[in-house]
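Understanding the architecture of this molecule
Below are the chains, spelled out letter by letter.
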Amino acid sequence: MSKVAFLGLGVMGYPIAGHLLKAGHEVCVWNRTSNVSEKWGKEFSGEACTSIEDAVSGADYVMMCVGQDADVLAVAERAIPAMASGAILVDHTTASDGCAKQVGAQCAAADMGFLDAPISGGEAGAVNGQLTVMCGGKQAHFDKAVSVIDAYAKAVKLMGPVGAGQLTKMVNQICIAGMLQGLSEAVNFAQAAGLDMDEVVGAIGKGAAQSWQMDNRASTMARGEYEFGFAVDWMRKDLGIVLETAKKLGLDMPVTELVDGYYADVQEMGGSRWDTSSLLARLKGE
Ligand SMILES: NC(=O)c1ccc[n+]([C@@H]2O[C@H](COP(=O)([O-])OP(=O)(O)OC[C@H]3O[C@@H](n4cnc5c(N)ncnc54)[C@H](OP(=O)(O)O)[C@@H]3O)[C@@H](O)[C@H]2O)c1
């Protein structure tokens, strides 16, 4: 078992850190807003640190899950000088591949390992320890860290050098954006045509139209429930990274660009924290 620090106890980080403790690791957590780490310490009977430096000191692995590029860079800037030589930093934030390369270079210069390791599976996947983790980094660092990540993942894969995990996550978000607009139009159509969406999913949900979004969101969309899940603000951040990267690659992304604009409409409707399936609310003009 290893000594593990976890930085950033948000929707995803909070349950993930709990799985690490339950797997038998010695865990020390830190969160910017300290009452969250205190709550975690009480709930899991684990150690809550009051500074990044205390949390990472002597850790074999430092995992983090914060918001976006600037947050990753700010946390890494404090964590790396306080980490032990030979330790491995694993970043679960969805960020740009450029950010991953910057932090990876800082770790390499300090004789530490780094994996960019964005996650998929949502809040439920984090709570149930069933996340998909797509990693970028060196094989040797991956081989060591995978046994720790296994505590909260159903699939962990090394995709290539540092940055490749974030690029894979971008592909994931491109798939989801188009898929959710399609599913929104499907639910809207079914309801307008007088069909019951649960019955429709029962009929077509094991065929070619099946998707994670259909399995997990068609029902809540049909009921107009959006106050949970993966926030529209986060999706806009992710699609911003995708569109920026596509520009550098010289690629047209017509559907992704369109859906990104639709999410901007949802934000204007007050849906910044709604689940990404709220594209249906926009379509219905709710
Ligand atoms: N939620 C999902 O379903 C999901 C799924 C896959 C991937 N992700 C990705 O995972 C990351 C976290 O998502 P989340 O849903 O857990 O977000 P969240 O609930 O908003 O939590 C964000 C966490 O990051 C911390 N943080 C943000 N900026 C910071 C900074 N500058 N310095 C220190 N700490 C900072 C926050 O601390 P405070 O408590 O002090 O604010 C909080 O602990 C994002 O990149 C997101 O895109 C989320």
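Sequence order as written defines residue numbering, which begins from 1 separately in each chain. Under the rules for a predicted model, residues below a pLDDT of 70 receive no local features and side-chain atom pairs below 80 are neither given nor counted, while totals for whole chains, interfaces and linings still include all residues. Note that water and hydrogens are dropped before the side-chain values are worked out from all heavy atoms of the structure.

Distances are taken per atom, and a residue is near a molecule or strand as soon as one of its heavy atoms is within 4 Å of it. As a structural note, the neighbourhood of the ligand is formed by 23 residues, with Asn31, Thr33, Gly67, Asp71 and Lys237 the closest of them. Polar contact is the term for a pair of N or O atoms within 3.5 Å; when the atoms are in protein, one must be able to donate a hydrogen and the other to accept it, and sequence-neighboring residues count only if both atoms are side-chain atoms. Contact between the ligand and Met12: an oxygen atom at 3.0 Å from a main-chain N or O atom of the residue. Val66 has a polar backbone atom sitting 3.3 Å from an oxygen atom of the ligand. In short, Shrake-Rupley with a 1.4 Å probe defines the accessible areas, and a residue's cover is counted only from the protein chains shown. With the chains in place, 87% of the 900 Å² that the ligand exposes on its own is no longer accessible. Working definition: helices are DSSP H or I runs of at least four residues, strands are E runs of at least two. Numbering for both runs from the N terminus. Among the elements of the structure, helix 4 (69-82), helix 6 (122-128) and helix 11 (232-249) are those that each provide at least two residues to the shell around the ligand. Throughout this entry, Asp, Glu, Lys and Arg are counted as charged residues, while Ala, Val, Leu, Ile, Met, Phe, Trp, Tyr, Cys and Pro are counted as nonpolar. The remaining residues, Gly among them, count as polar. Here the residues of the shell around the ligand are counted per class, giving ten nonpolar, eight polar and five charged.

Let's shift gears to the state of the cysteines. Any cysteine sulfur atom paired with another within 2.5 Å is treated as part of a disulfide. Here the structure, examined in full by the defined rule, presents one disulfide. Residue pairing for Cys28: its cysteine sulfur links by disulfide to Cys49, the two sulfurs lying 2.0 Å apart. As the torsion about the S-S bond is roughly 105°, the Cys28-Cys49 disulfide counts as right-handed. Residue Cys28 is found in strand 2 (residues 26-30), and its partner Cys49 is found in the loop between strand 3 (47-48) and helix 3 (52-56); the two are separated by 21 residues along the sequence. Three exposure classes are used, based on accessible area relative to the maximum for each residue type with a 1.4 Å probe and protein chains only: buried under 20%, partly exposed in between, and exposed over 50%. Accessibility expressed as a relative area gives 9% for Cys49, which makes it buried. Cys99 provides the cysteine sulfur closest to Cys65, a residue in no disulfide bond, and the two sulfurs are 13 Å apart. Between Cys135, a cysteine without a disulfide, and Cys65, which holds the nearest cysteine sulfur, the sulfur-to-sulfur distance is 13 Å.

Moving on to the nonpolar core. Here is a general trend for soluble globular proteins: nonpolar side chains tend to be buried in one another's company. As used here, the term nonpolar core means buried Ala, Val, Leu, Ile, Met, Phe, Trp, Tyr and Cys residues forming a set that is joined through side-chain atoms within 4.5 Å. Core analysis: the biggest nonpolar cluster contains 30 residues, and Phe6 and Met63 have the highest contact counts within it. Contributing elements (two or more residues each) for this core: strand 1 (3-7), helix 1 (13-22), strand 2, helix 2 (34-44), strand 4 (61-64), strand 5 (88-91), strand 8 (131-136) and helix 7 (139-149). Every residue pair with non-hydrogen atoms within 4.5 Å of one another is taken to be in contact. Each residue touching Met63, except ones within four places of it in the same chain, is listed here: Val4, Ala5, Phe6, Leu7, Leu20, Val90, His92, Val148, Ile149 and Tyr152. In terms of nonpolar packing, the next biggest core, distinct from the first, is built from 26 residues, Leu7, Trp30, Ala76 and Leu89 among them.

Once that is clear, we can look at empty space enclosed by the protein. Think of a 1 Å grid over the protein atoms and nothing else: a 1.4 Å probe that fits but is trapped marks a cavity, an open set flanked by protein within 12 Å on at least five of seven lines marks a pocket, and residues with an atom within 4 Å of a point count as lining. Grid points are joined across faces, edges and corners, and a volume is the space filled by probe spheres set on the points. Counted under the stated rule, the structure contains one cavity of 30 Å³ or more. Roughly 40 Å³ of volume is contained in the largest cavity. Together, Thr94, Ala95, Gln166, Lys169, Met170, Gln173, Asp238, Ile241 and Val242 line the largest cavity. When residues of the lining of the largest cavity are traced back to their parent elements, those giving at least two are helix 8 (164-192) and helix 11. With four residues, helix 8 is the largest single contributor of residues to the lining of the largest cavity. Looking at the lining of the largest cavity, its residues break down into four nonpolar, three polar and two charged.

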